[in-house]
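Next come the chains, spelled out residue by residue.
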Amino acid sequence: MRTYAELIAEFKNIAENPRKAMEAFKAETGKGAVGILPAHVPEEIVHAAGYLPIGIWGAQKKAINKARTYLPPFACSLMQSVMELQLEGVYDELDCVIYSSLCDTLKCMNQKWHGKTPVIVFTHPQNRKIAKKAANVFCREEYAIVKAKLEDILECTITNKAIQNSIAVYNENRAACRKFCDVAAEYAAVVKPAERHAVLKARWFMEKSKHTDLVNELIAALTAQPAPKFTGKRVIVSGIMLEPTELLDVFEENGLAIVADDLLHESRSFRQDVPEDADALMALARAWTDFDGCALATDADKPKGRMIIEDCKKYNADAVIVAMMKFCDPEEFDYPILIQEFAAAGIPNLQIEIDQESTVFEQVKTRIQTFAEIL
Ligand code: SF4
């Protein structure tokens, strides 16, 4: 059996080298990869075609230059970075890119996308709770259009049975990731924030059944020994994503363990299974209308804060850190509600900014250090 350290090294290697992961998949299967732009894309349809769905989450850049021609400077930092990489030709080897126009920035991306990679853009219905039945029908129809366009681009047929099989593979992976997060919380003295992140980030670049096997192997290696006592502070992180690794290392340096997350990049993408339904596309549609606690999935009831507060109790967390993607309107609009709810529940909290056009983190370091000292 491989050790925890050996397995973490493998996750880190995959998380840091998506191109290598894509090339390995191509060499093994003879099939290519489809880019999945955040967020809520029904990846199972791509998986059912036998292609590798690969997450597009930008990258830390020293400077954004070319993207300024196409996006205003107040477009979110994530899409600025994605646009820059796209203009540099980084995504040209993908067979296709899929995304939903869930926010204003994503709506603009369709008109601005250049290069040779075809793009499939679709719409999620936002009247999810007050007209659920109609929303399900609308959403299923959108997914049927995505499927038809994919079949056209990839020159293949995607059957209902194949999507059902892929849903089962994804649900198994979601369960394994949820279990890993719980085990990581229990072994907070062992699992460093950057290691936890590498395990979950690798998910975006691997065929899901392979990721599931690796996660299960990691859980077995981790739990082979009893959990040592953790003497630092336990925090929950929320936001779109929390990167780069240097930032996660600041958590570790200040004795903070991440015991749960509400990140779109991480738990929000696997905290809920897709339900069973004889019609696979309807099952995927129902997963969207059932989904709660994301700024991109409209719900006038705003359950997100309550969900995070519940997790604070469940994981015995000392505080919440909100990782705010720079200029992400949907997350910014939710933030005033969150801080009021955290204050009412007596939960210490901090907001830090995530900017992919930055290589210096001194300001964030100071904020986290001060917060850790207050805790
Ligand atoms: S949800 Fe936020 S981070 Fe994601 S594309 Fe829209 S503005 Fe950018």
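Residues numbered from 1 in each chain as written. Predicted model: local features only at pLDDT ≥ 70, side-chain atom pairs only at ≥ 80, totals over all residues.

Caption draft 1: Spotlight on the overall build of the chain. Broken down by element type, the chain carries 14 helices and eight strands. Computed over the C-alpha atoms, the radius of gyration of the chain is 20 Å, within 12% of the 21 Å expected from 2.2 N^0.38 for a compact globule of 375 residues. Seen through its principal axes, the chain has C-alpha atoms that stretch 55 × 50 × 45 Å. In the chain, buried positions account for 47% of the 375 residues. Restricting the contact set of the chain to residue pairs at least 6 apart, pairs at least 24 apart contribute 73%. (Helix = DSSP H or I, 4+ residues; strand = E, 2+ residues; numbered from the N terminus. Rg over C-alpha atoms; globule rule 2.2 N^0.38 Å. Buried ≥ 20, exposed ≤ 12 C-beta atoms within 10 Å, placed from the backbone. Contact = placed C-beta atoms within 7 Å.)

Caption draft 2: Spatial organisation of the site of the ligand. Near the ligand lie 14 residues; those nearest to it are Cys-76, Leu-78, Cys-103, Thr-105 and Cys-328. Counting only elements with at least two residues in the shell around the ligand, the list comes to α4 (77-87), α5 (104-112) and α13 (329-345). Ranked by residue count, the leading element in the shell around the ligand is α13, at three residues. (Near = placed C-beta within 6 Å.)

Caption draft 3: Quick look at the packing of helix α12 (residues 304-314) against α13. α13 packs onto α12 with a crossing angle of 40° between their chain directions and a minimal axis gap of 9 Å. Accordingly, the angle class assigned to the pair α12 and α13 is oblique. Considering only the axes of α12 and α13, their crossing is right-handed. Each of Lys-304, Gly-305, Arg-306 and Ile-309 in α12 lies in contact with α13, whose residues at this interface are Asp-334, Ile-337, Leu-338, Glu-341, Phe-342 and Ala-345. In terms of residue class, the contact of α12 with α13 is built from five nonpolar, one polar and four charged. (Axes fitted to C-alpha atoms, helices over the stretch in contact; angles between N-to-C directions. Parallel < 35°, antiparallel > 145°, perpendicular 65-115°, else oblique. Left-handed = near helix turned anticlockwise from the far one by under 90°. Nonpolar A, V, L, I, M, F, W, Y, C, P; charged D, E, K, R; others polar.)

Caption draft 4: Highlighting the sheet that holds strand β4 (residues 119-122). Overall, parallel pairing links the four strands, which are arranged β2-β1-β3-β4 in an open sheet. Lying at the two open borders of the sheet, with one neighbouring strand each, are β2 (52-55) and β4. Along the sheet, successive strands turn relative to each other by an average axial angle of 25°, direction set aside. Here three bridges tie strand β1 (residues 33-36) to strand β3 (residues 96-100), and the two strands are oriented parallel to one another. Looking across to β3, one finds that Ile-36 is bridged to Ile-98. Contacts between helix α6 (residues 132-154) and the sheet are confined to β3 and β4, with β4 contributing the most and set at about 175° to the helix. (Pairing = 2+ DSSP bridges.)

Caption draft 5: Summary view of unusual backbone geometry. Here Pro-38 and Ala-39 are connected by a cis peptide whose omega angle stands at 10°. Turning to its location among the elements, Ala-39 is positioned in the loop between β1 and α3 (44-48). Cis geometry marks the peptide bond from Glu-243 to Pro-244, where omega comes out at 0°. With respect to the secondary-structure elements, Pro-244 resides in the loop between β5 (233-239) and α10 (245-253). If you check the backbone angles, Asn-316 has positive phi at about 55° while not being a glycine. Looking at the secondary structure, you find Asn-316 in the loop between α12 and β7 (319-325). Even without being glycine, Phe-327 reaches a positive phi, approximately 65°. As for its placement among the helices and strands, Phe-327 is situated in the loop between β7 and α13. Residue Phe-327 is classed as partly exposed on the basis of its C-beta count, with 19 C-beta atoms lying within 10 Å.

Caption draft 6: Structural view of the sheet that holds β7. With parallel pairing, the four strands of this open sheet are ordered in space as β6-β5-β7-β8. In this open sheet, the two edge strands, each paired with only one partner strand, are β6 (256-263) and β8 (349-354). Neighbouring strand axes in the sheet, compared pairwise and without regard to direction, differ in orientation by 25° on average. As paired elements, β7 and β8 share six bridges and run parallel to each other. Residue pairing in the sheet places Ile-321 in a bridge with Leu-350 of β8.

Caption draft 7: Here's a closer look at the nonpolar core. Grouped together as the largest cluster of nonpolar side chains are 120 residues, with contacts concentrated most on Ile-98, Val-235, Ile-236 and Val-259. The contact partners of Val-235, leaving out residues within four places of it in the chain, are Leu-256, Ile-258, Val-259, Ala-317, Asp-318, Ala-319, Val-320 and Ile-321. (Core = buried A, V, L, I, M, F, W, Y, C linked by C-beta atoms within 7 Å.)

Caption draft 8: Region of the structure containing the packing of helix α1 (residues 4-16) against helix α8 (residues 193-202). α8 packs onto α1 with a crossing angle of 55° between their chain directions and a minimal axis gap of 8 Å. Overall, the two elements α1 and α8 adopt an arrangement that is oblique. Judged by the sense of rotation from one axis to the other, the crossing of α1 with α8 is left-handed. Facing Ile-8, Phe-11, Lys-12, Ile-14 and Ala-15 of α1, the residues of α8 in contact are Glu-195, Ala-198, Val-199, Lys-201 and Ala-202. Residue composition of the contact of α1 with α8, by class: seven nonpolar, no polar and three charged.

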